[in-house]
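Chain and residue survey
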Amino acid sequence: MFAEKTIDQSDKPRFYRELADQLSGLLAGETDPVANAANTSALIFQMMPDLNWAGFYFLYSEDELVVGPFQGKPACVRIAVGNGVCGTAVAQGSSILVEDVHAFPGHIACDAASRSELVVPLIHEDTILGVFDLDSPLQARFDSIDQTGVERLVAIYVAACVWED
Ligand code: SME
């Protein structure tokens, strides 16, 4: 059984270093992308404060994301590339940090409680496989330290998995 350890929140870079260690341990020895996505979203949702959604969208075709494992309320299943924060992150190939979702043109509200959002693309060998999405009911919940920390967590997830062509 995996037992997550509570991490001190006061030092954010350290929080993310310790969470990265826990995630590496959790995924060690497993290469299935769906199984690892399920445990990654569960660990992050449990450990990071003030989230109302944490999970994955995968690109099974070049123009559409499909929801994968997540924690939180039931979500929109399909998002076209270029739409919403998730589809825009795919289109531009980089993370998007949104302090106020109401100010983001085209934001897709899966949970009306969401106020801020961080979306990080899953990139493997220069190919985008999907995104990891975090939502918070707090405005400006995420800053650049969160972005760097979550990008590291996503890199650990991508590296742990075997990706079929
Ligand atoms: N807000 C996202 C949609 C996904 S949900 O938040 C889970 C977007 O605008 O792409």
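Residues numbered from 1 in each chain as written. Predicted model: local features only at pLDDT ≥ 70, side-chain atom pairs only at ≥ 80, totals over all residues. Heavy atoms only, no water.

**Thoughts on the site of the ligand**
The environment of the ligand is formed by Trp 53, Tyr 57, Ile 79, Gly 84, Val 85, Cys 86, His 107, Ile 108, Cys 110, Glu 117, Asp 133 and Asp 135. Within the contact set of the ligand, an oxygen atom lies 2.8 Å away from a backbone nitrogen or oxygen of Cys 86. Contact between the ligand and Asp 135: an oxygen atom at 2.7 Å from a side-chain N or O atom of the residue. Judged by its atoms lying within 2 Å of the grid points, the ligand is housed in the largest cavity. Going through the elements one at a time, β1 (53–61), α3 (84–92) and β6 (127–136) are the ones with two or more residues in the shell around the ligand. When residues of the shell around the ligand are assigned to their parent elements, the largest contribution, three residues, is made by α3. Residues belonging to the shell around the ligand are distributed by class as follows: seven nonpolar, two polar and three charged. (Near = heavy atom within 4 Å. Polar contact = N/O pair within 3.5 Å; in protein donor to acceptor, adjacent residues only side chain to side chain. 1 Å grid on protein atoms, 1.4 Å probe; cavity = no way out; pocket = protein on both sides within 12 Å on 5 of 7 lines; lining within 4 Å. Sits in = over half its atoms within 2 Å of the grid points. Helix = DSSP H or I, 4+ residues; strand = E, 2+ residues; numbered from the N terminus. Nonpolar A, V, L, I, M, F, W, Y, C, P; charged D, E, K, R; others polar.)

**Section: the pattern of salt bridges**
Applying the stated criterion to the full structure yields six salt bridges. Lys 12 serves as the salt-bridge partner of Asp 143, at 3.0 Å between the closest nitrogen and oxygen. Of this pair, Asp 143 sits in the loop between β6 and α4 (144–160) while Lys 12 sits in helix α1 (residues 12–27), placing them 131 residues apart in sequence. According to the relative accessible area criterion, Asp 143 is partly exposed, its value standing at 30%. In this structure, Lys 12 engages Asp 146 in a salt bridge whose closest nitrogen and oxygen atoms are separated by 2.6 Å. Residue Lys 12 is located in helix α1, and its partner Asp 146 is located in helix α4; the two are separated by 134 residues in the primary sequence. Here the salt bridges share partners, and the residues they tie into one network are Lys 12, Arg 141, Asp 143 and Asp 146. (Salt bridge = Lys/Arg side-chain N within 4 Å of Asp/Glu carboxyl O. Buried < 20%, exposed > 50% of the residue type's maximum accessible area, 1.4 Å probe, protein only.)

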